[in-house]
Amino acid sequence: MKAKAFIKRARKFAEPFRVTNGDKFRLKDVDPDDTLGLKSEDKPRAKEALAMGVEVLAGLQDTLYAQDKWAVLLIFQAMDAAGKDGAIKHVMSGINPQGCQVYSFKAPTSEDLDHDYLWRCIRSLPERGRIGIFNRSYYEETLVVRVHPDYLEQQKLPPELISKSIWEDRFRDICCFERYLAGNGVAICKFFLHISKKEQKARFLERLENPEKNWKFSSADMSERGFWDEYHEAYEDMIRHTAAKHAPWYVVPANNKWFTRVAVAAAVIDTLASLNLAYPKVGKDKLKELAAAKRALLAKKNRTV
Ligand code: ATP
Ligand code: MG
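Residues numbered from 1 in each chain as written. Chains lettered and ligands numbered in written order. Predicted model: local features only at pLDDT ≥ 70, side-chain atom pairs only at ≥ 80, totals over all residues. Heavy atoms only, no water.

J.: Break down the overall build of the chain for me, with residues and values.
T.: Scanning the chain for helices and strands turns up 13 helices and 6 strands. Based on the C-alpha atoms only, the size of the chain along its principal axes is roughly 75 × 55 × 40 Å. Within the span of the chain, comprising 305 residues, buried residues form 47% of the whole. Contacts spanning at least 24 positions in sequence make up 82% of the contacts within the chain whose residues lie at least 6 apart. When the accessible area of the chain is evaluated, it comes to approximately 17200 Å², of which 53% is carbon and sulfur surface. Separation of charge centres in the chain, based on 51 positive and 42 negative side chains, amounts to 11 Å. (Helix = DSSP H or I, 4+ residues; strand = E, 2+ residues; numbered from the N terminus. Buried < 20%, exposed > 50% of the residue type's maximum accessible area, 1.4 Å probe, protein only. Contact = heavy atoms within 4.5 Å. Areas by Shrake-Rupley, 256 points an atom, 1.4 Å probe, with all protein chains shown as cover. Lys, Arg positive; Asp, Glu negative; His and termini not counted. Charge placed at Lys NZ, Arg CZ, Asp CG, Glu CD.)

J.: Report on the sheet that holds strand 3 (residues 100-104), specifying residues and quantitative values.
T.: Hydrogen bonds between backbone groups are what pair the strands of a sheet, and the pairing can be parallel or antiparallel. Taken in spatial order, the 6 strands of this open sheet run 1-6-5-2-4-3, and their pairing is mixed. The outermost strands of the open sheet, each flanked by one partner alone, are strand 1 (18-19) and strand 3. When strand 1 meets strand 6 (residues 249-253), the two strands line up antiparallel, connected through 2 bridges. In the strand pairing of strand 6, Arg-18 is matched with Tyr-250. On the sheet, helix 3 (residues 84-91) packs against strand 2 (71-78), strand 3, strand 4 (131-135) and strand 5 (186-194) and is oriented at approximately 150° with respect to strand 2. (Pairing = 2+ DSSP bridges. Axes fitted to C-alpha atoms, helices over the stretch in contact; angles between N-to-C directions.)

J.: Provide a residue-level description of unusual backbone geometry, including the pertinent values.
T.: Phi is positive for Ala-81, which is not a glycine, with a value near 70°. Structurally, Ala-81 can be placed in the loop between strand 2 and helix 3. By relative accessible area, Ala-81 is classed as buried at 11%. Located in the positive-phi region is Lys-156, a residue other than glycine, with phi close to 60°. Secondary-structure assignment places Lys-156 in the loop between helix 7 (149-153) and helix 8 (166-183). Of the residues examined, Lys-156 reaches a relative accessible area of 57% and is grouped as exposed.

J.: Please give an account of the site of ligand 1 that cites residues and values.
T.: Around ligand 1 sit 15 residues in total, of which Asp-80, Lys-84, Lys-106, Arg-136 and Glu-141 are the nearest. In the model, an oxygen atom of ligand 1 is placed 3.2 Å from a nitrogen or oxygen of the Ala-107 main chain. At 3.2 Å from a nitrogen atom of ligand 1 is found a side-chain nitrogen or oxygen belonging to Arg-120. Out of a free accessible area of 630 Å², ligand 1 has 80% covered by protein chains. (Near = heavy atom within 4 Å. Polar contact = N/O pair within 3.5 Å; in protein donor to acceptor, adjacent residues only side chain to side chain.)

J.: So what's going on with the environment of Phe-105? Which residues, and what values?
T.: Note that Phe-105 resides in the loop between strand 3 and helix 4 (110-113). Each residue touching Phe-105, except ones within four places of it in the same chain, is listed here: Arg-120, Cys-121, Ser-124, Phe-134, Asn-135, Arg-136 and Ser-137.

J.: Report on the packing of helix 8 against helix 11 (residues 228-242), specifying residues and quantitative values.
T.: Interaxial distance between helix 8 and helix 11 falls to 10 Å at its minimum, and their mutual angle equals 45°. In terms of their interaxial angle, helix 8 and helix 11 are classed as oblique. Crossing of helix 8 over helix 11 shows right-handed handedness. Two secondary-structure elements touch here, helix 8 through Glu-168, Phe-171, Ile-174, Cys-175 and Glu-178 and helix 11 through Asp-237, Met-238, His-241 and Thr-242. Here the contact of helix 8 with helix 11 is built from residues that sort into 4 nonpolar, 2 polar and 3 charged. (Parallel < 35°, antiparallel > 145°, perpendicular 65-115°, else oblique. Left-handed = near helix turned anticlockwise from the far one by under 90°. Nonpolar A, V, L, I, M, F, W, Y, C, P; charged D, E, K, R; others polar.)

J.: Quick one: what's the story with the nonpolar core, residue by residue and with numbers?
T.: Looking at soluble globular proteins, one finds that nonpolar side chains tend to be buried together. Grouped together as the largest cluster of nonpolar side chains are 87 residues, with contacts concentrated most on Leu-74, Met-92, Ile-131, Tyr-138, Phe-191, Leu-193 and Leu-272. Here Leu-74 is in contact with Met-92, Ile-131, Gly-132, Ile-133, Phe-134, Cys-189 and Val-268, once residues within four sequence places are set aside. (Core = buried A, V, L, I, M, F, W, Y, C linked by side-chain atoms within 4.5 Å.)

Below, the structure is given as structure tokens:
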């Protein structure tokens with residue numbers, strides 16, 4: 001299939017998961033098992049589609065880099081073991097490493113806590129021409145920090161600023177920040193990989209039973225699992241408040257890794273394709289310069305080149 005036709009299909013594929021207005025969004029309306037009717041026997045075809053997607057993405061990224069106007073920010077949020085790392089690894093596998101950067105945001109350091117909460121993320125934003133990936137992000141400030149209020153106390157904020165409306169205030173800050181980024185040529189695309197509690201249990205057990213996956217397990221994962229409902233409420237509220245046309249959330253069913261990766265690839269392709277990317281056009285003077293260089297290179301007698 002030609003790249004243009006593939007992009008068209010990718011856009012259609014990603015559409016059902018896109019939230020651009022959160023008013024009516026309910027997390028319970030999204031089934032983590034959903035595969036848009038694809039069955040496990042379609043897995044090989046999905047893998048082929050992913051391979052093609054990776055190729056198309058590499059082409060789009062090359063143009064993004066050459067054009068050097070837009071930056072792309074991909075944000076990944078999810079409960080533990082939902083497959084953020086795997087999705088990033090597979091979808092970005094064909095990308096030129098020079099044009100891509102990944103940051104994983106963990107618990108803030110003391111230096112981070114000496115600044116406002118966006119500070120560490122702002123420092124890590126992608127340059128024009130690049131794709132930046134945030135593996136977790138400033139959205140944790142409305143998730144883990146909301147679920148564990150003692151984290152907020154450690155943030156050294158003046159006490160009078162910790163009001164009842166703090167989460168609403170943070171949503172407003174984030175919306176303004178993303179509006180600002182979009183207005184400055186940063187295309188934003190946000191993913192929530194939606195896994196079920198049952199599937200998380202199965203993946204934790206796999207991490208415990210498979211020696212090669214033991215390293216992925218941390219006891220904190222178990223304690224956070226105990227706050228499942230609180231996290232889900234926080235995620236829902238976050239998506240409701242921060243979904244926007246210029247910064248959509250893709251709520252991607254994540255119980256089947258093969259499906260998640262195709263859906264994420266489709267959404268990233270859609271994001272890049274909507275930027276109308278093109279290789280820079282060379283002006284008359286430059287064309288003359290190129291023609292002169294070519295003539296010089298082809299002139300047999302010219303020993304200097
Ligand atoms: P994996 O899926 O492989 O476990 P991960 O993204 O969960 O990857 P971890 O090192 O396990 O990586 O966890 C990072 C932890 O850092 C998460 O529990 C997250 O909630 C926490 N974290 C991120 N940002 C903040 C923040 N601003 N305040 C407090 N904790 C944060
Ligand atoms: Mg973790």
